[in-house]
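Next come the chains, spelled out residue by residue.
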Amino acid sequence: MNPGRPFPDAFSSLYRRAHERPFRVVVTAALRREIKSLERMLGMRGTAGTRPDGRSIFTEPMKIFPVVTGIGGVRAQSRLEKALDELDPHVVLSAGFGGGLTPNLGPGRVISVVRIGQYTHGGAAPASFHEPSFSVEAWTQQGEGVQPGTVITVDDPIPKRLLSRLSSMVRHPAVVDMETAYLARMCHERGIPFGALRVVCDEWGFEPEIDLRRILSPDGRVDPGKAVRYAFQDGRRVVRFVRLARRSFTAARSLALAVHGLLHSLDAFLASRSARST
């Protein structure tokens, strides 16, 4: 993949398209819970980035399309490919939860992804590294708890303690997830700028220990009925689910604030470019 470029540069090359029609931003998440707070914050309904009264939430003609991919890389890549065909976006922003890989990253800490590694369980090191086609770091507020970092994408849930030996091989290790590398690859192949924000949900030292195969529906989303049955088969699972739910609430709120700020920074950038061209 090509090295990452500053966010404004990535959009400058697409600005002519933004004049031709509303600037389209796809925001992906593995689960609806990850972006539900963002949707409420932006007053979004369905796929239109508008308020309930129909007014735009941005000063520039821009629409936000949330796409829930389901958990898992292959599944997420397939769902994103369909969304790209249907929506033809100008840019894709991936936003979601991850597991913290260092002790100093607690629940709610947002990571602007500057490097993506893909790791197969049992390997000596990540199989590959690449960078997003644009960096969102300059568009988020460091004071809001956002910091740059590397995300490691795995195909199956791996206890974070087993990934600890990768720390010496990875620059700024931050979080582990199951989708980012696949989404980045799809966007790269389609020539669409891609950036990512991840927020720590389960921190270093806390392992959810959830068998995803027991609680997911075929489309990769959490099946509430399966989740309840799975949890109540063991009282200890109930405790872990409650602890994870508390962390996910904190994580979703922090992620929503970061994405909200980024989108409005993008809106301001587009407005300034529009003013220069008039």
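Since this is a predicted model, take the numbers as computed values, not measurements.

**Some words on the nonpolar core**
So, step 1. Among the nonpolar cores identified, the biggest contains 47 residues, and Val 25 and Val 259 are the most heavily contacted of them.
So, step 2. With twelve residues, helix 7 (residues 235-277) is the single largest residue contributor to this core.
So, step 3. In this structure Val 259 touches Leu 38, Leu 93, Ala 95 and Leu 197, once residues within four positions along its chain are discounted.
So, step 4. By size, the runner-up hydrophobic cluster in this structure holds 25 residues, among which are Phe 65, Leu 87, Ile 111 and Leu 183.

**Digging into the side chain of Thr 180**
So, step 1. Structurally, the position occupied by Thr 180 is in helix 5 (residues 180-190).
So, step 2. Polar contacts involving the side chain of Thr 180 include one to the side chain of Arg 198, which spans 2.9 Å.
So, step 3. Setting aside anything within four residues of it in sequence, one finds Thr 180 in contact with Ile 116, Val 151, Thr 153, Phe 194, Ala 196 and Arg 198.

**Re the pattern of salt bridges**
So, step 1. Using the criterion set out here, one finds five salt bridges in the structure.
So, step 2. Between Asp 177 and Arg 198 there is a salt bridge, with the nearest N and O atoms lying 3.0 Å from each other. Of this pair, Asp 177 sits in strand 9 (residues 173-177) while Arg 198 is found in strand 10 (residues 194-202), placing the two residues 21 residues apart along the sequence. Summarising the burial analysis for this pair, Asp 177 and Arg 198 share the class buried.

**Describing the layout of surface pockets**
So, step 1. Of the volumes computed, that of the largest pocket is approximately 1,400 Å³.
So, step 2. Forming the boundary of the largest pocket are 44 residues, of which Ile 71, Pro 208, Ile 210, Leu 212 and Leu 244 lie nearest the centre.
So, step 3. Taken together, the elements giving at least two residues each to the lining of the largest pocket come down to helix 3 (32-42), strand 4 (91-100), strand 9, strand 10, helix 6 (224-231) and helix 7.
So, step 4. Residue contributions to the lining of the largest pocket peak at four residues, all from helix 7.
So, step 5. Tallied by class, residues from the lining of the largest pocket come to 24 nonpolar, four polar and 16 charged.

**What to know about the packing of helix 4 (residues 73-87) against helix 5**
So, step 1. Closest axis-to-axis distance for the helix 4/helix 5 pair is 8 Å, and the angle between their directions is 35°. Crossing handedness for the pair helix 4 and helix 5: right-handed. Residues Gly 73, Val 74, Ala 76, Gln 77, Leu 80, Glu 81, Leu 84 and Asp 85 of helix 4 lie in contact with helix 5, whose contacting residues are Tyr 182, Leu 183, Arg 185, Met 186, Cys 187 and Arg 190.
So, step 2. Split by residue class, the contact of helix 4 with helix 5 holds eight nonpolar, two polar and four charged.

**Observations regarding the packing of aromatic side chains**
Any pair of aromatic rings gets described here by the distance separating the centres and the angle formed by the planes.
So, step 1. Across all of its chains, the model carries zero aromatic pairs by this definition.
So, step 2. Here Arg 185 stacks its cationic end above the ring of Tyr 182, 5.5 Å away from the centre of that ring.
So, step 3. Lying across the ring of Phe 206, Arg 247 places its NZ or CZ 4.2 Å from the centre.

**Digging into a positive patch on the surface**
So, step 1. Residues Arg 33, Lys 36, Arg 40 and Arg 253 make up a contiguous surface patch of positive charge.
So, step 2. Ranked by the residues each element gives to the positive patch, the list is headed by helix 3, at three residues.
So, step 3. The class of Lys 36 is partly exposed, set by a relative accessible area of 45%.

**Section: the pairing of strand 10**
So, step 1. The element strand 10 is extensively covered by neighbouring structure, given that nine of its nine residues are classed as buried.
So, step 2. Strand direction decides the pairing type here: strand 4 and strand 10, joined by eight bridges, are parallel. Paired with Gly 98 across the two strands is Val 200, which belongs to strand 10.
So, step 3. Pairing of strand 5 (residues 110-119) with strand 10, which is carried by three bridges, proceeds in the antiparallel orientation. Along strand 10, the bridge assignment pairs Ile 111 with Arg 198.

**Concerning the confidence of the model for the chain**
So, step 1. Taken over all residues, the pLDDT of the chain has a mean of 78, while the share at 70 or more is 73%.
So, step 2. Mean pLDDT values for the elements of the chain range from 45 in strand 1 (residues 5-6) up to 93 in helix 4.
So, step 3. Scored below 50 in pLDDT, residues 1-8 shows 23 contacts in the model against residues more than four places distant or in partner chains.
So, step 4. In this model residues 45-52 is a low-confidence stretch, pLDDT under 50, and it forms 21 contacts with partners more than four residues away in sequence or in other chains.

Conventions adopted
Residues numbered from 1 in each chain as written. Predicted model: local features only at pLDDT ≥ 70, side-chain atom pairs only at ≥ 80, totals over all residues. Heavy atoms only, no water. Core = buried A, V, L, I, M, F, W, Y, C linked by side-chain atoms within 4.5 Å. Buried < 20%, exposed > 50% of the residue type's maximum accessible area, 1.4 Å probe, protein only. Helix = DSSP H or I, 4+ residues; strand = E, 2+ residues; numbered from the N terminus. Contact = heavy atoms within 4.5 Å. Polar contact = N/O pair within 3.5 Å; in protein donor to acceptor, adjacent residues only side chain to side chain. Salt bridge = Lys/Arg side-chain N within 4 Å of Asp/Glu carboxyl O. 1 Å grid on protein atoms, 1.4 Å probe; cavity = no way out; pocket = protein on both sides within 12 Å on 5 of 7 lines; lining within 4 Å. Points joined across faces, edges and corners; volume = space filled by probe spheres on them. Nonpolar A, V, L, I, M, F, W, Y, C, P; charged D, E, K, R; others polar. Axes fitted to C-alpha atoms, helices over the stretch in contact; angles between N-to-C directions. Left-handed = near helix turned anticlockwise from the far one by under 90°. Phe/Tyr/Trp six-rings, centres within 6.5 Å; stacked < 30°, edge-to-face > 60°. Lys NZ or Arg CZ within 6 Å of the ring centre and 35° of its normal. Patch = residues over 30% accessible without salt bridge, like charges linked within 9 Å, V, L, I, M, F, W, Y side chains within 5 Å. Areas by Shrake-Rupley, 256 points an atom, 1.4 Å probe, with all protein chains shown as cover. Lys, Arg positive; Asp, Glu negative; His and termini not counted. Charge placed at Lys NZ, Arg CZ, Asp CG, Glu CD. Pairing = 2+ DSSP bridges. pLDDT = per-residue confidence, 0-100.

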